[in-house]
Every structure is written in C-alpha cells, then in structure tokens.
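Inside the fold
Residue strings, one per chain:
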Amino acid sequence: MTTTVTPAGGAASPPGASATGTSAVGSTRKPTPRELRRVRAASFAGTTIEFYDFFIYGTAAALVFPTVFFPALGSGAALVASFATFGVGFVARPVGSIFFGHFGDRIGRKQSLISTLLIMGVATVLMGLIPPSDQIGIAAPIILVTLRFLQGFAVGGEWAGAALLTAEYAPKDKRGLYGAFPQLGTPAGMFLANATFLVSALVAGDSSEAFLSYGWRIPFVASALLIAIGLWVRLSIAETPAFVQAQAAAEEARRRDAEIAAAPGGGKGAQGVEGADSADEARPRERSPFIDVFRFQAREVLLASGCLVMLFAFFHTSTSFLTSYASDPEGIGLPRTVVLSINMLAAVVLGVTVVLAGWLSDRFGRRRLLIFGFATGTVWALFIFPVISIGTGAAFALAQCLTLLFYACAYGPLGSYLPELFKPRYRYTGAGLGYNIGGIMGGGIVPILASAISASYGGTGIGLLLSATGVISLVCAWLLRETRGQALDHEEPAETPLTKEPAPAGV
C-alpha cells in the first residue's frame, strides 16, 4: 500500500515516490552519495554557526562583559554576574528542546532547524548592538539576558535536530562517524569564536578602549553572514527518511480509521470492534511527544542527561572559566591574544578527537567510548589546576588540550548514541531533552559554582567539583544500553511494527 507523503517544507510526492525515497510504509531507498554529502554539510555548517554564536558569548562573558555591562560591581562580583547571564542560556535550552522537539517530531526536522538558525542569528546580531551600561543603565544587562535566553532557546532545538538529520540518513555501520559531523560544530564554532576575537583584539588593541568599545562587537555582528550561508545550505536538503516514513505510517493509520468508521455500523459490529482494536494497536498515538517520551522512555532521558553533566561542565569550565582565569592579572595574567590562540589550538585537538571517537564507536561501541571518556576525565579533573597553576602559556595549553581531548572521547559518539536511544515519534524531543537538561546542570550551574568555589577553595575545590560530575556521568553511561549496530525503524523490514512503543517507563 503506497501513500502520498508531504515532507515538511516540500510539495506532496506522487504515490510511490517521495523527496527522500520513501515509497511505502516500511520501504526506503538508500540515500545517494550526493544526498549524504549535503546532509553532512548541512549538519556541520548549521551547528558550527549556532555554536559560534553561542560561544562568542562565553568568550565575551569572560573577557569583556564584566567591564561593559557590570562596571559598578567590582571585578569579582562582575565576573560572577557575567557568568550568571551565561547560565541563562542553559536554563533556556530545555525549553527550546521541548518547543522545537514537538514541532520537529510533528512537522519535520528541517523546518525546526531553519527556525533555530534564524532565532539564533537575530539574537546574536542584536547583542553586538547593545549600548553599554554607562549609556542606558540597567536596561543594558536586561536586554543582554533576554537575548541570551533566545540564544539558549534556539540552541536547545539545534543540536537534537542536527544529530537526527545525520543519524536518520547515515548507513547503519557508519552512523558513529556520520554522527560526529554535527559534533564538529562545537570545535569549529569554538575556533571561529576565538579567531574573530583574536582578530578584533589585534586590530583594536589587546586591552585598549577601542576593543571594549567596539572591537568585541565585531564577532557578534559578523555572524549575520554565517547565518545566511547556513540557511542556504539547510534549505537545500530534504526531510529525513525516518520522519517521512513515520508520517506515512500515521497517514496509513488514519486511512484505516476512516475505513472502519465508514463501515456498516460505524465499525461497531463484531468485525468492526476487532478492526478498531487492531487499528488502535497500530495507530501512532496523538499525544504530545513530550508526554510520550516521559511515559515510555523517561529512564533514557534522565540517564542521557546525567551523561551530559560532565561534558558540559568540562567544556564550559574550560572555555569560559579557565579562559578568564588565564587572562586575569590576578590569575595567570597571560595576554588576551595568547589565551585566544591557545583556545584555537585546543579547538583543533577537540575536532580531531571528535571524529576519531565517532569512528571508533562504530567498531567498539558508543557506550565503551563514553565510559572511557568519563573515567579518564574524572581522574584528569584533579590535575587540571595543578598543571595550570604552573603559570606559563605552555601549561595552560596542555591543560586546555587534555581537558577537551578527554571531553571529546565521550562527546564524539553522542551524535549517534542519543538518537539511537529513542523511538522516531519522539526522537527529536527525547534526544533534545537528554542533551539540554544535562546542559543546565553541567553548563549552567557548574561554571557559577566554580566561580564561588574558587574564591574559598581555589583550584583544588574546582577540580573536585569537576571530578564529581565525571562520576555522575560514568554511572549513568554504565546504566544505559549499547546501540552500535542497531537498526533505526526506517531501516527495518516493512513488516516490523513502526509504531510499537516500549513499555511505559518505571520512573
């Protein structure tokens, strides 16, 4: 039985064909090499741009915002306030994952990804145009926090959509490698963010009034060009095979319901009752994806969130708190240009390791790579500050590179692992919630705690805090199942029930 499917953003396909090659429920063709190249480019370009926008805020929060937006608080309190606004983005991320996850699971991955890119771009450009506090007073930090919330809202929907885009297109035996492409947006965005700040500092002066006045604004406003490129790339791709097939299954169930309702007696006779029961069993439920993911796979959402705690804590402590500590005269006191250059080097190490870890996960398993990254990161956390406290640029470079290397061992496989954990009807919502709830705990709370702990307990206290996040993530990864080699629903034979749900979660 063929069905006519209308992918999000496209015209209705004729019976027997679709934009992604789905001609019947349970039947798909393999994507062409050209389609796979487009998908890799779209996932990489989109996440690079969105994380660039997200990370330039972190860099500015460490280097500029305490002076520009919180000058009356003093250096220490201003830094804490600046990182508090940084954490607002992480509070907004689960909200964005619920919102865009709902529409991504209902109307398509592509449309949600285009929306996240536009929201992020507008918010970031407007940040670069906010007057300082000495001109508009308290309105400046209020506008800053509002735009930061919109950034987090957009990123909350971005990562899961980009990960699903590649996971639902990728060959089963190469899904780990393909899943590394959206993950590459993190190191690429980090590299670009630091590079633009470096160029701005070199042009305007490392510590001059010109940099504090307009130099820091250049990376924010320049993101408009990157957003235009990202939109062009994303508009060129079709909807994923898994989503189109899930929509076809839903349409088939609605057609059967209509036939049962049109039968004599409205389907209430003996045969009608039997047919109705059969239809009820096969019909995709019409509840919200948010409700269903917690009804059927709450355990996976919570454990996936726990896995992300260490990753967010490591990354944002490294790229924001350590960046601030290294450039602060009361810390290491390295020149801003040296700190930015070292961060660019660390981004290269991160990118190479992400690809390698994704490739290795296709051979040894996603879960094993996660456990290795969490175990080694838990130990390394105790040595970060003893190394960085040596006080040289080389020591800071070693600490940054090793921190992000251990982070990447677990981060690389996540682009394939989280989508594989969830059923297609709420995959966008489930993967997004798992990722972004962990972001609140590891990326929003930990950097703020690190600033407070540093004042009382120094680097030793921060190291213990990071090590504790590693233990949490290690336990959660241990409790999750392996997914390497697992077929997604659109890759299974046609007779496999596409809409069968897991048993309701016991948590």
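Scroll up for the structure.
Residues numbered from 1 in each chain as written. Predicted model: local features only at pLDDT ≥ 70, side-chain atom pairs only at ≥ 80, totals over all residues. Heavy atoms only, no water.

**Points about the overall build of the chain**
The secondary structure content of the chain amounts to 18 helices and 2 strands. Residues classed as buried in the chain amount to 57% of the 507 residues present. A fraction of 83% describes how many contacts in the chain between residues 6 or more apart in sequence connect residues 24 or more apart. For the chain, the computed accessible surface area is about 18,900 Å², with 68% contributed by carbon and sulfur atoms. (Helix = DSSP H or I, 4+ residues; strand = E, 2+ residues; numbered from the N terminus. Buried < 20%, exposed > 50% of the residue type's maximum accessible area, 1.4 Å probe, protein only. Contact = heavy atoms within 4.5 Å. Areas by Shrake-Rupley, 256 points an atom, 1.4 Å probe, with all protein chains shown as cover.)

**Some points on a nonpolar patch on the surface**
A cluster of nonpolar side chains, namely Val122, Leu126, Leu129 and Val221, defines an oily patch on the protein surface of about 340 Å² accessible area. Within the element layout of this structure, leucine 126 appears in helix α4 (residues 109-127). Exposure remark for leucine 126: the relative accessible area of 40% places this residue in the partly exposed category. (Patch = residues over 30% accessible without salt bridge, like charges linked within 9 Å, V, L, I, M, F, W, Y side chains within 5 Å. Salt bridge = Lys/Arg side-chain N within 4 Å of Asp/Glu carboxyl O.)

**Some points on the nonpolar core**
Judged by nonpolar contacts, the single largest core of 122 residues is most densely connected at Phe65, Phe69, Trp159, Trp216, Leu311 and Leu418. Each residue touching leucine 311, except ones within four places of it in the same chain, is listed here: Phe374, Tyr407, Ala410, Tyr411 and Leu414. (Core = buried A, V, L, I, M, F, W, Y, C linked by side-chain atoms within 4.5 Å.)

**Points about empty space enclosed by the protein**
Empty space among the atoms becomes visible once a probe the size of a water molecule is rolled across them. A full pass over the atoms with the stated rule returns 2 cavities of 30 Å³ or more. Within this model, the largest cavity holds a volume of roughly 90 Å³. Along its surface, the largest cavity is lined by 13 residues, and Phe312, Phe315, His316, Tyr407 and Tyr435 are the ones closest to its centre. Listed by contribution, the elements that provide at least two residues to the lining of the largest cavity are α1 (33-63), α13 (289-327) and α17 (393-421). (1 Å grid on protein atoms, 1.4 Å probe; cavity = no way out; pocket = protein on both sides within 12 Å on 5 of 7 lines; lining within 4 Å. Points joined across faces, edges and corners; volume = space filled by probe spheres on them.)

**What about the pattern of salt bridges?**
One pass over the structure, following the stated rule, counts 5 salt bridges. Residue glutamate 168 is joined to arginine 427 by a salt bridge in which the shortest nitrogen-to-oxygen separation is 2.9 Å. On the criterion of sequence distance, the pair formed by glutamate 168 in the loop between α6 (139-167) and α7 (175-183) and arginine 427 in helix α18 (residues 427-479) is long-range, its members being 259 residues apart. Overall, the relative accessible area of 0% leaves glutamate 168 in the buried class. On the accessibility criterion, arginine 427 (2% relative accessible area) is buried.

**Some remarks on the side chain of threonine 48**
With respect to the secondary-structure elements, threonine 48 resides in helix α1. Judged by its relative accessible area of 8%, threonine 48 is buried. Dropping the residues within four chain positions of it, threonine 48 is found in contact with Leu184, Gly185, Ala188, Gly189 and Leu192.

Interpretation note: all reported values are geometric properties and have no functional meaning in isolation.
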